[in-house]
Amino acid sequence: MIIVPGPASTDLGLKIGHLLKAKVIPVEYKRFPDGESYLRFTEELENENVVIVQTTGPPQDSNLIQLLLMIDAARDINAKSITTVVPYVAYARQDNRFRPGEAISSKTMFKLFESLRVDHFITVNFHSSDILNLLRIPHENLSAIPSLADYMLNKLNLIGAFSLAPDEGAKKIVEESSRILGGEYGWLKKRRDRVTGKISVDLVSVNVKGKDTIIFDDMISSGSTMISATNTLKALGARSIYVACVHPLLIGNSRERILMEGALKIVGTDCIQSPVSIVSIAPLIAEALRRRFRV
Ligand code: R5P
């Protein structure tokens, strides 16, 4: 197999290649004066099992188009197979038509990958695993939650900490983390206004008084979800509050706002490179590629 890290995941691609002792080839990349992307593989890929690693966090549109250009070019020059590793899939959150006329962007993403004939698709904590099942190419949805929980346990000594999901959608995540941390888990009831995006949390009863707590979620975007969960935990008397997420998009000053609200530390992964990307998903991806290529 040959690993090709795209411009958005250069470090991650190199780490994966290093763990697998696989050949890594860089792409030549530049932007034209009008903003369009130029990409070129720097070595022959004909008849090779090509693994393209490219996340599609902000700036989503250009990272996504670079990914599509790489897949199509690899197909065009007769790669034997194309595996795409897309740790964060942009546009995955809109998976339904909530208001008449809305575009269902997650479905559009799937159509793109299918039409470019990707052979195998690997992602991490895709926003909704049920929706991912609509993707009609073989795919794997890996979970980085055990790696995050391991870090909380072994590096921050949060043995037995309470795992909190900021909404019911993240319930599976905290079931997973609590198995590693050995503490209880619970979730809040969050509502988001479909037009303004404003969120509110219903009154809940989670028993966190005097406990170390960790809020786990798949992603932090504006930070509003984590901020309101942090406030709820403070009001309920938690002893300490930590925040963990797989995809740290961290738009604007969300990181500072979450910390100012009282969270002691934010821990994220390198699914998206950010100042809180402390935990690497490279071992998780390398293991999946070992299984796929039996190496
Ligand atoms: C929602 O369903 C997701 O799991 C996250 O809770 C949400 O997308 C985070 O967004 P924000 O940081 O803007 O509140």
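That block above? That's the structure.
In this text, all values refer to a predicted model and were calculated from it rather than measured experimentally. (Residues numbered from 1 in each chain as written. Predicted model: local features only at pLDDT ≥ 70, side-chain atom pairs only at ≥ 80, totals over all residues. Heavy atoms only, no water.)

J.: Tell me about the overall build of the protein, and name the residues and values.
T.: Of regular secondary structure, the protein possesses 9 helices and 16 strands. The C-alpha atoms of the protein give 20 Å as radius of gyration, which agrees with the globular expectation for 295 residues (19 Å, within 12%). Considered along the principal axes of its C-alpha atoms, the protein spans approximately 60 × 45 × 35 Å. Residue pairs at least 24 apart in sequence account for 61% of intrachain contacts in the protein once pairs closer than 6 positions are excluded. Surface exposure of the protein reaches about 13,900 Å², of which carbon and sulfur atoms provide 49%. Of the side chains in the protein, 36 bear a positive and 32 a negative charge, and the two mean positions are spaced by 4 Å. (Helix = DSSP H or I, 4+ residues; strand = E, 2+ residues; numbered from the N terminus. Rg over C-alpha atoms; globule rule 2.2 N^0.38 Å. Contact = heavy atoms within 4.5 Å. Areas by Shrake-Rupley, 256 points an atom, 1.4 Å probe, with all protein chains shown as cover. Lys, Arg positive; Asp, Glu negative; His and termini not counted. Charge placed at Lys NZ, Arg CZ, Asp CG, Glu CD.)

J.: So what's going on with the environment of Val124? Residues and values would help.
T.: Along the polypeptide, Val124 turns up in strand β7 (residues 120-124). Taking relative accessible area as the criterion, Val124 reaches 0% and is therefore assigned buried. For the pair Val124 and Val89, spaced 35 residues apart in sequence, the C-alpha to C-alpha distance is 8.6 Å. Ignoring anything within four residues of it in the chain, the contact list for Val124 reads Val86, Pro87, Asn141, Leu142, Ala144, Val246, His247, Cys271, Ile281 and Ile285. (Buried < 20%, exposed > 50% of the residue type's maximum accessible area, 1.4 Å probe, protein only.)

J.: Could you give an account of the pairing of strand β13 (residues 212-220), naming the residues involved and the relevant values?
T.: Counting buried residues along β13, 8 of its 9 residues qualify, which places the element largely inside the surrounding structure. For strand β9 (residues 162-165) and β13, the ladder comprises 3 bridges, and the chain directions are parallel. Paired with Leu164 across the bridge in β13 is Ile215. In this structure, β13 lies alongside strand β14 (residues 240-248), joined through 8 bridges in parallel fashion. Note on β14: the bridge partner recorded for Ile215 is Val243. (Pairing = 2+ DSSP bridges.)

J.: Requested: an account of the sheet that holds β14, with residues and values cited.
T.: What the 6 strands build is an open sheet, ordered β10-β9-β13-β14-β15-β16; its pairing is parallel. Either end of the sheet is taken by a strand with one partner, and the two such strands are β10 (185-187) and β16 (277-279). On average, each strand axis in the sheet is tilted by 35° relative to the strand beside it, whichever way the strands run. Sitting on the sheet, helix α5 (residues 145-154) is in contact with β13, β14, β15 (266-269) and β16, with an inclination near 150° to β14. Sheet contacts for helix α7 (residues 224-235): β9, β13 and β14; angle to β13, the most-contacted strand, approximately 165°. (Axes fitted to C-alpha atoms, helices over the stretch in contact; angles between N-to-C directions.)

J.: Account for the site of the ligand, naming residues and giving values.
T.: For the ligand, the set of nearby residues contains 14 residues, the closest of which are Arg93, Asp217, Asp218, Ser222 and Thr225. A distance of 2.8 Å is found between an oxygen atom of the ligand and a backbone nitrogen or oxygen belonging to Ser221. Contact between the ligand and Ser222: an oxygen atom at 2.5 Å from a side-chain N or O atom of the residue. Considered on its own, the ligand offers 370 Å² of accessible surface; in the complex 89% of this is hidden by protein. In terms of residues, the shell around the ligand owes the most to one element, β13, which gives 4 residues. Among the residues forming the shell around the ligand, the class breakdown is 2 nonpolar, 6 polar and 6 charged. (Near = heavy atom within 4 Å. Polar contact = N/O pair within 3.5 Å; in protein donor to acceptor, adjacent residues only side chain to side chain. Nonpolar A, V, L, I, M, F, W, Y, C, P; charged D, E, K, R; others polar.)

J.: Can you lay out α7 for me, pointing to particular residues and giving the numbers?
T.: Between its first and last C-alpha, α7 extends 17 Å over 12 residues, near the 16 Å set by a 1.5 Å rise per residue. Among the residues of α7, those classed as buried are Thr225, Met226, Ile227, Ser228, Ala229, Thr230, Thr232 and Leu233. Looking at the buried residues of α7, the elements they touch are β9, β11 (190-192), β12 (199-201), β13, β14 and α8 (254-260). (Expected span 1.5 Å × (residues − 1).)

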